[in-house]
Amino acid sequence: MLARVFCVDGPANSSASTRQLWLLAENLLPDADIDSYTQGLMDLGANVCTRRNPNCAECPLMTTCQARANDMVDVYPAPSLKKSIKHKSIYMIVFVFKGQTLIIKNSGAGLWPGLWGFIDTEVYSKNTLDEFSKKFELEIESISRLDTFRHRLTHIDYSVHPIRVNVSGSGAHEDRVGTRWIRLNDKTRLPVSVPVRRILNSLC
Ligand code: SF4
């Protein structure tokens, strides 16, 4: 609404417009009864100065509204900028040993902090796989790619590539701090991300 009353140029979600609108809003704050003022503004925005069909005839700001005075009600506010979507690949390493698979608890820095999931990496090669195997004391027996699928986060569209790696070795089947071997048909109650749940279901 303020974008119309003061003809604020630029997309509503641009930083310049946001700054200007905040400044205007602050300058307009009354000395007292701010709650009623704020509620009144919200009511006007929700019921009178709506995005598509503003009811200018009933608006108490009709005489001061610059957009109305200049017959530019349809021009303001300018459409929001569309946020660009990035595309990325993520590889999930599904270690499998005798009907069980290894999941680990994500640290606070990962994509899904605090959730359990497969070891994941944005860069996959035989070397990275060897490093993971070594870390968990596993011997690689065979490697196969499972079906790739898409998973969309707010601004990132992921292609998820699950890679099944059948293993043996002293680390197989051994739970450690932050790691679990769970049965392939186990509907684990551990919190896991949507893509990890999808892969677990496909392994059953
Ligand atoms: S006069 Fe019309 S465009 Fe201006 S604030 Fe009121 S409803 Fe919105």
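Residues numbered from 1 in each chain as written. Predicted model: local features only at pLDDT ≥ 70, side-chain atom pairs only at ≥ 80, totals over all residues. Heavy atoms only, no water.

Chemist: Can you tell me about the environment of Ile 93, naming the residues and giving the values?
Modeler: Checked against the element boundaries, Ile 93 lands in strand β1 (residues 86–97). With relative accessibility at 0%, the residue Ile 93 sits in the buried group. In the structure, Ile 93 is positioned 19 residues away from Asp 74 in sequence and 52 Å away in space, judged by C-alpha atoms. Beyond its immediate chain neighbours, meaning those up to four positions away, Ile 93 contacts Phe 118, Ile 119, Tyr 124, Leu 129, Phe 132, Ile 163 and Val 165. (Helix = DSSP H or I, 4+ residues; strand = E, 2+ residues; numbered from the N terminus. Buried < 20%, exposed > 50% of the residue type's maximum accessible area, 1.4 Å probe, protein only. Contact = heavy atoms within 4.5 Å.)

Chemist: Lay out the side chain of His 151 in plain terms, naming residues and giving numbers.
Modeler: Relative to the helices and strands, His 151 resides in strand β6 (residues 149–152). A relative accessible area of 14% means that His 151 is categorised as buried. Contact partners of His 151, with chain neighbours within four places excluded, come to Trp 112, Ile 156, Asp 157, Tyr 158, Val 160, Val 194 and Pro 195.

Chemist: An account of the pairing of strand β7 (residues 156–168) is requested, with residue identities and associated values reported.
Modeler: Alignment of β1 against β7, held across 11 bridges, turns out to be parallel. Within β7, the position partnered with Met 92 by the bridge is Pro 162. Relative to β7, strand β5 (residues 139–145) runs antiparallel, the two being bridged by 6 bridges. Counterpart to Ser 142 in the pairing with β7 is Asn 166. Two strands pair when backbone bridges link them, and β6 and β7 are joined in this way by 4 bridges, in the antiparallel orientation. When the sheet's bridge partners are listed, Arg 152 is paired in β7 with Asp 157. Adjacent in sequence and paired antiparallel, β6 and β7 are bridged by 3 residues. (Pairing = 2+ DSSP bridges.)

Chemist: Break down the packing of aromatic side chains for me, citing the residues and quoting the values.
Modeler: The geometry of an aromatic ring pair is captured by the separation of the ring centres together with the interplanar angle, meaning the angle of the planes. All chains considered together, the criterion is met by 1 aromatic pair. Seen in terms of ring centroids, Tyr 91 and Tyr 124 are 5.4 Å apart; in terms of plane orientation they differ by 25 degrees. Their pairing is stacked. Here the residue Tyr 91 occupies a position in strand β1, and Tyr 124 occupies one in the loop between β4 (119–121) and α5 (126–135), the gap between them amounting to 33 residues. When its relative accessible area of 22% is taken as the criterion, Tyr 124 is described as partly exposed. (Phe/Tyr/Trp six-rings, centres within 6.5 Å; stacked < 30°, edge-to-face > 60°.)

Chemist: Residues and numbers for the domain arrangement of the chain, please.
Modeler: Under the domain assignment, the chain is made up of domain 1 (2–69) and domain 2 (86–203). The centre of domain 1, based on its C-alpha atoms, is set 50 Å off from the matching centre of domain 2. (Domains from an automatic or database assignment.)

Chemist: Please give an account of the pattern of salt bridges that cites residues and values.
Modeler: Evaluated as defined, the whole model comprises 2 salt bridges. In this structure, Lys 126 engages Asp 130 in a salt bridge whose closest nitrogen and oxygen atoms are separated by 2.8 Å. A residue pair is termed a helical-turn pair when its members lie 3 or 4 positions apart in one helix, as Lys 126 and Asp 130 do in helix α5 at 4 residues. (Salt bridge = Lys/Arg side-chain N within 4 Å of Asp/Glu carboxyl O.)

Chemist: Can you lay out unusual backbone geometry for me, pointing to particular residues and giving the numbers?
Modeler: Omega for the bond connecting Tyr 76 with Pro 77 falls within 30 degrees of zero, at -10 degrees, which places this linkage in the cis form. Positionally, Pro 77 belongs in the loop between α4 (66–69) and β1. With a phi angle near 50 degrees, Cys 7 is a residue other than glycine that sits in the positive phi range. Relative to the helices and strands, Cys 7 resides in the loop between α1 (2–5) and α2 (15–28). Exposure remark for Cys 7: the relative accessible area of 15% places this residue in the buried category.

Chemist: Explain the side chain of Ser 14 to me, using residue names and the numbers behind them.
Modeler: Along the chain, the position of Ser 14 falls in the loop between α1 and α2. Here Ser 14 falls in the buried class, since its relative accessible area comes to 14%. Within the structure, the side chain of Ser 14 is placed 3.0 Å from the side chain of Ser 17, a separation counted as a polar contact. (Polar contact = N/O pair within 3.5 Å; in protein donor to acceptor, adjacent residues only side chain to side chain.)

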